Each structure stands twice: as structure tokens, then as C-alpha cells.
Amino acid sequence: MTDSADSPSFRLAYVPGVTPAKWVRIWAERLPDTPLTLLQATPAEASEVLREGAADAAFVRLPVDRTVFSAIPLYTETTVVVVPRDHLITAAEEVTVADLADEVVLHPLDDVLGWERPPGEAAFERPATTEDAIELVAANIGVLVVPQSLARLHHRKDLTYRTVVDAPRSDIGLAWPEDATTELVEDFIGIVRGRTVNSTRGRAQQAPATERKGERRKPQSGSGAGKGTAASGRGRGGGAKGSGAKGGGAKGGGGRRGTGGGKPRRRS
């Protein structure tokens, strides 16, 4: 594991559609002396950014290569179809893949849904990017099926979207190189998972002082027990003071050598 001292700042990559602002704010509150640097990467670039060491962790679209990266699934996005505001589809709140059968469905080269076969009719040419496909939707060339976050990212006033209930979905997760799980990575994992600032997970800490005190108060076996019985006078041949108080003879026997029990036996 790489020591966190080698990384004066924490570098976080994220793919389009992910909004890391909440986690970045919590980081700034908890680790104000460790700057967090953001780096945007396309879904295709995200793994290489981590592999090359340009980022310590990244919000990615799953799956990733689990032989190289560790990953925590975070959430699954709703899939929507982006259409012009006056499109017939807007009459419904939700649609199915079958409802798109007669539509020209754009399939950009950076598609993240992993269709086996996209629904509807194929466009004459695949757009290079999702952003390019949005422009084609606005020009009434076709419709576009994407995760909801990308529809919001490329929002236009002349376009809207509807949920596609049975379309493939995209999973978002936090990933990092398995052989580079630094303390700063552990700190960020704790933030993403909602751990409190006092959580001990991910960091080795000493036991609380109250626990240590409690351990010292535990009864001890062996020689310590002798002290307790001598003080109470219940010890068999215990200390001189204990036997002198109750075990002296008629003459108040019990010398300082702790032999108070001998004289009564000689007198009988």
C-alpha cells in the first residue's frame, strides 16, 4: 500500500453525468489541509486515467476490470429518451422500448448503455458523441436514449425526456487501483459511504481511554487475591493484622509473626 504522505493532494476523476460537488464539500470540511483536484474523463478514458496514476480514484460507469481495480457500486441511473418538446412521446409519462420501434434512435459512439441491439430504426450514421446526438435530436433527425444524468447535463429548452421503463441502465461506482489503496483513498471511501467524521473504519486507532481504564479495573487472579483476603480477615494464614483481629487467643495472642492460631491449640 502506498503511503499517503507521497500524495500531497487527492486527485479525483469523474465521468460526465456524475456530480461530485457534495463529496468534494465534505472532503474540504474534514481534510482542509489536503487539496482535492477534480479531473473530468470520458467513460472510455476513466480506466486509463486510473491505470496511469493520473487520478487516485474515479467515479466511473460500471463495470470495470476487477483484476486491476477495486470498485464500490453506488447507484443505478434511470434511462430516458430525449425528444423535442412537441413530440408525440411527451403525451405519456413513461414509455417502453417497443414504443420506440418506429423512431430513428440515435446511437452515439460513446454510448454507455451497452445495447445488444438499439431499438427503433438506425440512423444513417452514428454520431461521434452524446452531445452531437443531442444536436441531431433538436434538428428532428431522431431521438436519443441515455441515462437521465446525461439528459440533464445536455439540457436544452427545446428538448425534454421521458423514462424508458425496460431499457438497459447504467451503474455508477467509485473505483481505484487495487494496489494503490492509500489512506486518502480510504478517507474518500468513508465520505462516499456516509461514515461520520468519528468513524474508525479505514484508519488504525488506539482504544479509547475509557476502555483502557476499564481494563485496569478488572479483578486480577493470583497474588492480588491474597491482599483482598488479608484485608478482610478471611485469609487462611493471611497477613498478621487480619489474624490478630479475630484469631488471637484469650490473651489477645497473635504476635507480629502471624502465629496467633497456635496458643489456643496448646491450651486445649
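Just so you know, these numbers come straight off a predicted model, no measurement behind them. (Residues numbered from 1 in each chain as written. Predicted model: local features only at pLDDT ≥ 70, side-chain atom pairs only at ≥ 80, totals over all residues. Heavy atoms only, no water.)

(A) Seen up close, the packing of aromatic side chains. Tallied over the entire structure, the rule returns five aromatic pairs. Here the aromatic rings of Phe10 and Trp27 are separated by 4.9 Å at their centres, their planes lie at 25°, and the arrangement is stacked. Linking Phe10 in strand E1 (residues 10-14) with Trp27 in helix H1 (residues 21-30), this pair joins segments that are 17 residues apart in sequence. Taken as a pair, Phe10 and Trp27 share a single burial class, namely buried. Relative to Phe188, the ring of Trp27 has its centre 6.0 Å away and its plane inclined at 55°; by these criteria the two rings are tilted. (Phe/Tyr/Trp six-rings, centres within 6.5 Å; stacked < 30°, edge-to-face > 60°. Helix = DSSP H or I, 4+ residues; strand = E, 2+ residues; numbered from the N terminus. Buried < 20%, exposed > 50% of the residue type's maximum accessible area, 1.4 Å probe, protein only.)

(B) Molecular detail of the nonpolar core. Counting residues in each nonpolar core, the largest one holds 34 residues, and the members touching the most others are Phe10, Leu12, Trp27, Phe59, Leu174, Trp176 and Phe188. Of all the elements in the fold, those that place two or more residues in this core are E1, H1, helix H2 (43-51), strand E3 (57-61), strand E4 (69-76), strand E11 (171-177) and helix H5 (183-192). With six residues, the single largest contributor to this core is H5. For Trp176, the contacting residues outside a window of four places in its chain are Leu50, Asp56, Ala57, Phe69, Ser70, Ala71, Ile72, Thr181, Val185 and Ile189. (Core = buried A, V, L, I, M, F, W, Y, C linked by side-chain atoms within 4.5 Å. Contact = heavy atoms within 4.5 Å.)

(C) Structural context of the side chain of Thr181. Mapping Thr181 onto the fold places it in the loop between E11 and H5. Residue class for Thr181 comes out buried when judged on its relative accessible area of 16%. At 3.1 Å, the side chain of Thr181 forms a polar contact with the side chain of Trp176. A polar contact is formed between the side chain of Thr181 and the backbone oxygen of Glu178, at a distance of 3.2 Å. (Polar contact = N/O pair within 3.5 Å; in protein donor to acceptor, adjacent residues only side chain to side chain.)

(D) Structural context of the sheet that holds strand E6 (residues 94-95). Strand order in this open sheet of six strands is E6-E10-E5-E9-E7-E8, and the pairing throughout is mixed. This sheet does not close on itself; its edge strands, each paired only once, are E6 and strand E8 (121-122). The sheet contact formed by strand E5 (residues 79-84) and strand E10 (residues 159-164) spans five bridges and is antiparallel. Counterpart to Val80 in the pairing with E10 is Thr163. Across the sheet, helix H3 (residues 130-138) is in contact with E5, strand E7 (104-106), strand E9 (143-147) and E10; its angle to E9 comes to roughly 140°. (Pairing = 2+ DSSP bridges. Axes fitted to C-alpha atoms, helices over the stretch in contact; angles between N-to-C directions.)

(E) Here's a closer look at the confidence of the model for the protein. Considering every residue of the protein, the mean pLDDT works out to 81; 71% of them sit at 70 or more. Note on residues 1-5: pLDDT is under 50 here. Beyond four places in sequence and across chains, it has seven contacts. Scored below 50 in pLDDT, residues 204-264 shows 24 contacts in the model against residues more than four places distant or in partner chains. (pLDDT = per-residue confidence, 0-100.)

(F) Focus on the pairing of E9. A large share of E9 lies buried, amounting to five of its five residues. By the bridge criterion, four bridges tie E5 to E9 in an arrangement that is antiparallel. Looking at E9, one finds that Val82 is bridged to Leu144. Looking at chain direction, E7 and E9 are connected through two bridges and run parallel.

(G) Quick look at H3. If you check which residues of H3 are buried, you get Thr130, Ala133, Ile134 and Val137. Around the axis of H3, the buried residues are gathered within 105° of arc, so they sit on the same side. In this structure, the buried residues of H3 make contact with E5, E7, E9 and E10. The positive-phi residue at the C-terminal boundary of H3 is Asn140, with phi of around 60°. (Arc of directions from axis to C-beta.)

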